[in-house]
Amino acid sequence: MAVTSSSMLLRNFSTVGRVAQSVRVTSKIFFSTGELIRVLPYTRSSRSICSTRAAHNEEAAAKAAASVADTGAPTIFDKIIAKEIPSDIIYEDENVLAFRDINPQAPVHVLVIPKLRDGLTTLGKAEPRHVEVLGQLLHASKIVAEKEGILDGFRVVINNGVEACQSVYHLHLHVLGGRQMKWPPG
Ligand code: 5GP
């Protein structure tokens, strides 16, 4: 499904929001163009996704992060937002920052984050007050895809919780593209 306008994105997001509310905290949530929404609830398969990624030390990173997971402690992204450490910024506005992932999993791999975390260590912490910024993050993901020339096929991933291999506790959307994606993801 090609997403062509911010209003459509926001409409879609309200659907996503409703779906997300019913999803366990430890889940992976995927949005891809070419398909409406796919949500993988916590199952054995989400564990195997984690195991596959362990080859890249992400499971280890997630487990290491577990000790501070969801405490609200500052993360590396605060330093990136403050420009205290460098990042390759693709898009920035008042509310959102998008920069290349330091460990890309696809030719295009950009992280889209809210500049103000406001409790959003994970998507599972989303409250009604976050609806606007969540829509802005999705809209920014589309802008990133457009800028990177992957609008015809890209994937947006949110790793939510330790068992989904989340390693940085500041909500972020992974925008991935530039290669053929597989389904189910691995
Ligand atoms: P998560 O595993 O929490 O879903 O994703 C966190 C992402 O942040 C990982 O893909 C990781 O490569 C990326 N990351 C961690 N530290 C840095 C950093 O200092 N700079 C950048 N650009 N990306 C980072």
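Conventions used here
- Residues numbered from 1 in each chain as written.
- Predicted model: local features only at pLDDT ≥ 70, side-chain atom pairs only at ≥ 80, totals over all residues.
- Heavy atoms only, no water.
- Helix = DSSP H or I, 4+ residues; strand = E, 2+ residues; numbered from the N terminus.
- Buried < 20%, exposed > 50% of the residue type's maximum accessible area, 1.4 Å probe, protein only.
- Areas by Shrake-Rupley, 256 points an atom, 1.4 Å probe, with all protein chains shown as cover.
- Phe/Tyr/Trp six-rings, centres within 6.5 Å; stacked < 30°, edge-to-face > 60°.
- Near = heavy atom within 4 Å.
- Polar contact = N/O pair within 3.5 Å; in protein donor to acceptor, adjacent residues only side chain to side chain.
- UniProt positions renumbered as here; feature names shortened; annotations may be inferred.
- Contact = heavy atoms within 4.5 Å.
- Core = buried A, V, L, I, M, F, W, Y, C linked by side-chain atoms within 4.5 Å.
- Pairing = 2+ DSSP bridges.

### Some points on the overall build of the protein
Looking only at helices and strands, one finds five helices and seven strands in the protein. Starting at the N terminus and walking to the C terminus, you meet the elements of the protein as α-β-β-α-α-α-β-β-β-α-β-β. Taking all 186 residues of the protein together, 46% fall into the buried category. Accessible surface, the protein: about 9400 Å² in total, of which carbon and sulfur atoms supply 55%.

### Side note on the packing of aromatic side chains
Applying the stated rule across the entire model yields one aromatic pair. Ring plane angle 80° and centroid distance 5.5 Å describe the contact between F77 and F99, whose orientation is recorded as edge-to-face. Taken as a pair, F77 in helix 4 (residues 76-81) and F99 in strand 4 (residues 96-100) lie far apart in primary sequence, 22 residues in all.

### Details of the site of the ligand
Taken together, 16 residues surround the ligand, and among them R100, D101, N159, S167 and H174 come closest. In this structure, R100 approaches the ligand through a main-chain N or O atom, which is 2.8 Å from a nitrogen atom. Interatomic distance of 2.8 Å between a side-chain N/O atom of N159 and an oxygen atom of the ligand. When the ligand is considered free in solution it has 520 Å² of accessible area, and contact with the protein chains removes 87% of it.

### What about unusual backbone geometry?
Residue P184 is bonded to the preceding W183 through a cis peptide linkage, with omega at 0°. One can find P184 in the segment after strand 7 (173-177). The phi dihedral of K83 falls on the positive side, at around 60°, and the residue is not glycine. Topologically, K83 is positioned in the loop between helix 4 and strand 3 (89-92). The exposure class assigned to K83 is partly exposed, which follows from its relative accessible area of 47%. Unlike most non-glycine residues, C165 shows phi in positive territory, near 70°. Residue placement: C165 occurs in the loop between strand 6 (154-160) and strand 7.

### Thoughts on the side chain of R155
Mapped onto the secondary structure, R155 falls in strand 6. Polar side-chain contacts of R155 include one of 3.0 Å to the backbone oxygen of K182.

### Some remarks on the UniProt feature "active site" (unreviewed entry) in the protein
The sites that carry the UniProt feature "active site" (unreviewed entry) are, in the present numbering, H172. Along the polypeptide, H172 turns up in the loop between strand 6 and strand 7. Contacts of H172, omitting those with residues within four sequence positions, involve F77, L111, V112, I113, V157, I158 and Q166. A polar contact of 2.7 Å, which involves the side chain of H172, links it to the backbone oxygen of H170.

### Observations regarding the nonpolar core
Counting residues in hydrophobic clusters, the biggest one holds 24 residues, and the most contacted among them are V110, V112, L137, V144, L171, L173 and V175. Mapped onto this core, the elements with two or more residues apiece are strand 3, strand 4, strand 5 (108-114), helix 5 (131-148), strand 6 and strand 7. Top element by residues in this core is helix 5. It accounts for eight residues. Setting aside its immediate chain neighbours within four residues, L137 contacts V96, V112, I113, P114, L171 and L173.

### A closer look at the pairing of strand 7
Within strand 7, five of the five residues are buried, leaving the element largely enclosed by the surrounding structure. Of the two faces of strand 7, the one lined by L173, V175 and G177 and the one lined by H174 and L176 are each fully buried. Taken together, the five bridges between strand 5 and strand 7 define a ladder with antiparallel strand orientation. From the neighbouring strand, V112 faces strand 7, where its bridge partner is L173. The pairing of strand 6 with strand 7 spans four bridges and is antiparallel. Paired with V157 across the bridge in strand 7 is H174.

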